[in-house]
Amino acid sequence: CFKTGAEYGNQKGEAWEAVREVCKNEFQGTYYKGWKFTRCRNIAGKKSVKFTVGLTGPNAGAKRFLGEEECYSGLHKEVKNCGRGGETTYGNWYYR
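Residues numbered from 1 in each chain as written. Predicted model: local features only at pLDDT ≥ 70, side-chain atom pairs only at ≥ 80, totals over all residues. Heavy atoms only, no water.

### As for the overall build of the protein chain
When helices and strands are counted, the protein chain shows two helices and six strands. Order of helices (α) and strands (β) in the protein chain, N terminus to C terminus: α-β-β-β-β-α-β-β. Computed over the C-alpha atoms, the radius of gyration of the protein chain is 13 Å, within 12% of the 12 Å expected from 2.2 N^0.38 for a compact globule of 96 residues. Judged by the C-alpha coordinates and their principal axes, the protein chain covers about 40 × 25 × 15 Å. The buried share of the protein chain, reckoned over its 96 residues, is 36%. Contacts in the protein chain between residues far apart in sequence, at least 24 positions, make up 65% of those at least 6 positions apart. Roughly 5500 Å² of accessible area belongs to the protein chain as shown, and the carbon and sulfur atoms make up 46% of that amount. (Helix = DSSP H or I, 4+ residues; strand = E, 2+ residues; numbered from the N terminus. Rg over C-alpha atoms; globule rule 2.2 N^0.38 Å. Buried < 20%, exposed > 50% of the residue type's maximum accessible area, 1.4 Å probe, protein only. Contact = heavy atoms within 4.5 Å. Areas by Shrake-Rupley, 256 points an atom, 1.4 Å probe, with all protein chains shown as cover.)

And the structure:
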């Protein structure tokens with residue numbers, strides 16, 4: 001979890017909705033090893049959230065498809081578990 005930056009506070013629900021939207025409309029698809037994509041969304045309280053997903057994990061193959069639910073499962077944990085967001089690398093995927 002990040003130690004600095006704005007906290008989600010009352011906007012945590014909006015941040016979760018933003019995760020759902022970027023996973024559905026922008027992050028799902030085929031990735032090649034080393035690829036990372038970043039998207040920003042504005043939420044209430046003059047805050048913005050910046051999400052990054054990448055095929056950079058230690059077990060990542062040359063190419064892999066990221067579906068909406070797999071994306072959401074990994075990325076929403078960075079909102080749910082960390083008041084300021086966080087970053088985690090799993091076997092295949094990096095989420096921030």
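We are not done yet, so read on.
### Concerning the side chain of Asn92
Within the element layout of this structure, Asn92 appears in the loop between β5 (88–89) and β6 (94–95). Residue Asn92 is classed as buried on the basis of its relative accessible area of 18%. Aside from chain neighbours lying at most four places away, what touches Asn92 is Gly54, Leu55, Thr56, Gly57, Asn59, Ala60, Gly61 and Arg64.

### Here we look at the environment of Ala62
The topology assignment puts Ala62 in the loop between β3 (47–54) and β4 (63–66). With 16 residues separating them in the primary sequence, Ala62 and Glu78 have C-alpha atoms 25 Å apart. Once residues within four sequence positions are removed from consideration, Ala62 is found in contact with Tyr31, Tyr32 and Lys33.

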